[in-house]
Amino acid sequence: MSTALIIGASRGIGLELVRQYVADGWRVMATARDDAGRDRIQALGAQCLRVDVANPSSVSALAWMLDGEKLDLALYVAGVMDRNSAHTPPTQDAFDRVMHTNVMGAMMVIPQVAPMVEAAEGVLACLSSVMGSLQGTHSSDAALYRISKTALNMVVRTSQPEYPRARMVALHPGWVQTDMGGAHATLTAAHAVTRLRHTLAHITPAQAGQFLSYDGSTIPW
Ligand SMILES: NC(=O)c1ccc[n+]([C@@H]2O[C@H](COP(=O)([O-])OP(=O)(O)OC[C@H]3O[C@@H](n4cnc5c(N)ncnc54)[C@H](OP(=O)(O)O)[C@@H]3O)[C@@H](O)[C@H]2O)c1
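What you see is a predicted model; the values in this text were computed from it and never measured. (Residues numbered from 1 in each chain as written. Predicted model: local features only at pLDDT ≥ 70, side-chain atom pairs only at ≥ 80, totals over all residues. Heavy atoms only, no water.)

**Q** Summarise the pairing of strand E6 (residues 167-172); cite the residues concerned and give the values.
**A** Regular strands place side chains that alternate from one sheet face to the opposite one. With respect to burial, E6 is a largely interior element, five of its six residues being buried. Two elements, strand E5 (residues 123-127) and E6, share five bridges in a ladder whose sense is parallel. In the strand pairing of E6, Leu124 is matched with Met168. Bridging between E6 and strand E7 (residues 210-213) involves four bridges; their strand directions are parallel. (Buried < 20%, exposed > 50% of the residue type's maximum accessible area, 1.4 Å probe, protein only. Helix = DSSP H or I, 4+ residues; strand = E, 2+ residues; numbered from the N terminus. Pairing = 2+ DSSP bridges.)

Have a look at this one:
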């Protein structure tokens, strides 16, 4: 039986990943910050771990919680949005919230989890966004969020050489109907996750360290 760890799974894309991997027969461990998220994860048949990725003392306990595991798949899904533009400096609170969740959390998770992914010669993916593509950016809409995802891409890029037996990718999920994506997004969570799972199942060694879209195509950095 394959084992997956999904970090940030209380709702949205993370919860749909739990639903589909459990339905596909995987053993799934998934994280939430509160009781409501835990209940949704457990109702799908997954094991829930309590982790706040923006809180160093919480996220640093992950390796202890996962002691001895081999992970075929680890997904860093947790993320928050901020809508500021380049005209408006972010508040320190907004900067810390976005950068701690989207960047620092991943930097704390990867050293704990990547050896467990290497043990299974598995895949470690961080949910990034096409909004983090330097070449694809022509506006300052949601500038802080974009900057955080560009930094997250570098987290993946700098981590990959240190864990050569894991295949790591930064992965854009598409524009998805969730609390973050909104009701007008083009993809349902079910459709996006079906495509993401297909892409994750076919990541080649040559794609390790790359920035991919949900359909498996490469996104320019
Ligand atoms: N939806 C889109 O169109 C879209 C497009 C591109 C990229 N993405 C990326 O895909 C990922 C998932 O997005 P989504 O649309 O599913 O967003 P969402 O519906 O807003 O869900 C965000 C998830 O992240 C968790 N999270 C936030 N802060 C956390 C923290 N400090 N510790 C642990 N978990 C935390 C939330 O948990 P709580 O319930 O505890 O808040 C929730 O489970 C994000 O990284 C996002 O940037 C989404």
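The rest of the description comes next.
**Q** Run through the site of the ligand, naming residues and quoting values.
**A** Around the ligand there are 30 residues in total, and Ser10, Arg11, Arg33, Tyr145 and Thr178 lie nearest to it. Backbone polar atom of Val53 to a nitrogen atom of the ligand: 2.9 Å apart, as the coordinates give it. The contact in question runs from an oxygen atom of the ligand to an N or O atom on the backbone of Val176, over 2.8 Å. In the complex, 94% of the free accessible area of the ligand, which totals 890 Å², lies under the protein chains. Among the secondary structure elements, those contributing two or more residues to the shell around the ligand are helix H1 (12-23) and helix H6 (143-159). (Near = heavy atom within 4 Å. Polar contact = N/O pair within 3.5 Å; in protein donor to acceptor, adjacent residues only side chain to side chain. Areas by Shrake-Rupley, 256 points an atom, 1.4 Å probe, with all protein chains shown as cover.)

**Q** Kindly report on unusual backbone geometry, identifying the contributing residues and their values.
**A** Its identity as a non-glycine residue notwithstanding, Glu121 has a phi of 50 degrees, on the positive side. Take Glu121: it is sitting in the loop between helix H5 (92-119) and E5.

**Q** Can you lay out the side chain of Lys149 for me, pointing to particular residues and giving the numbers?
**A** Looking at where Lys149 falls in the secondary structure, it is placed in helix H6. In contact with Lys149, other than residues within four places in its own chain, are Asn102, Leu127, Ser128, Ser129 and Gly132. (Contact = heavy atoms within 4.5 Å.)

**Q** Hey, could you go over the pairing of strand E2 (residues 27-32) for me, with residue numbers and the actual values?
**A** Taking burial as the measure, the six residues of E2 include five buried ones, the bulk of the element. As paired elements, strand E1 (residues 3-7) and E2 share four bridges and run parallel to each other. Along E2, the bridge assignment pairs Ala4 with Val28. Taken together, E1, H1 and E2 constitute a β-α-β crossover, and its handedness is right-handed. Sheet topology places E2 next to strand E3 (residues 47-50); four bridges connect them, and they run parallel. Looking across to E3, one finds that Thr31 is bridged to Leu49. In the classification by handedness, the crossover that spans E2, the intervening helix H2 (residues 35-43) and the parallel E3 is right-handed. (Right-handed = clockwise from strand over helix to strand, strands pointing away.)

**Q** Help me get a handle on the sheet that holds E6, residues and values and all.
**A** In space, the seven strands of this open sheet follow the order E3-E2-E1-E4-E5-E6-E7, with parallel pairing throughout. Strands at the two margins of the open sheet, each flanked by one partner only, are E3 and E7. On average, adjacent strands in this sheet sit at an angle of 20 degrees to one another, irrespective of strand direction. Note: strand E4 (residues 73-76) against E5, four bridges, orientation parallel. Bridge assignment links Leu75 to a residue of E5, and that residue is Ala125. Its contacts with the sheet put H6 on E5, E6 and E7, and the angle it makes with E6 is roughly 165 degrees. (Axes fitted to C-alpha atoms, helices over the stretch in contact; angles between N-to-C directions.)

**Q** Give a detailed account of the side chain of Thr31, specifying residues and quantitative values.
**A** Tracing the sequence through the fold places Thr31 in strand E2. With sequence-adjacent residues up to four places away left out, Thr31 is seen in contact with Ile6, Ile7, Gly8, Ala9, Ser10, Ile41, Cys48, Leu49 and Val51.

**Q** Could you give an account of the packing of aromatic side chains, naming the residues involved and the relevant values?
**A** For the coordinates displayed, the defined rule picks out two aromatic pairs. Relative to Trp221, the ring of Phe211 lies with its centre 5.6 Å away and its plane at 25 degrees, an arrangement referred to as stacked. One end of the pair, Phe211, is in strand E7; the other, Trp221, is in the segment after E7, and ten residues separate them in sequence. The exposure class of Trp221 is partly exposed, given its relative accessible area of 29%. The ring centre of Tyr21 lies 5.1 Å from the NZ or CZ of Arg197, which sits over that ring. (Phe/Tyr/Trp six-rings, centres within 6.5 Å; stacked < 30°, edge-to-face > 60°. Lys NZ or Arg CZ within 6 Å of the ring centre and 35° of its normal.)

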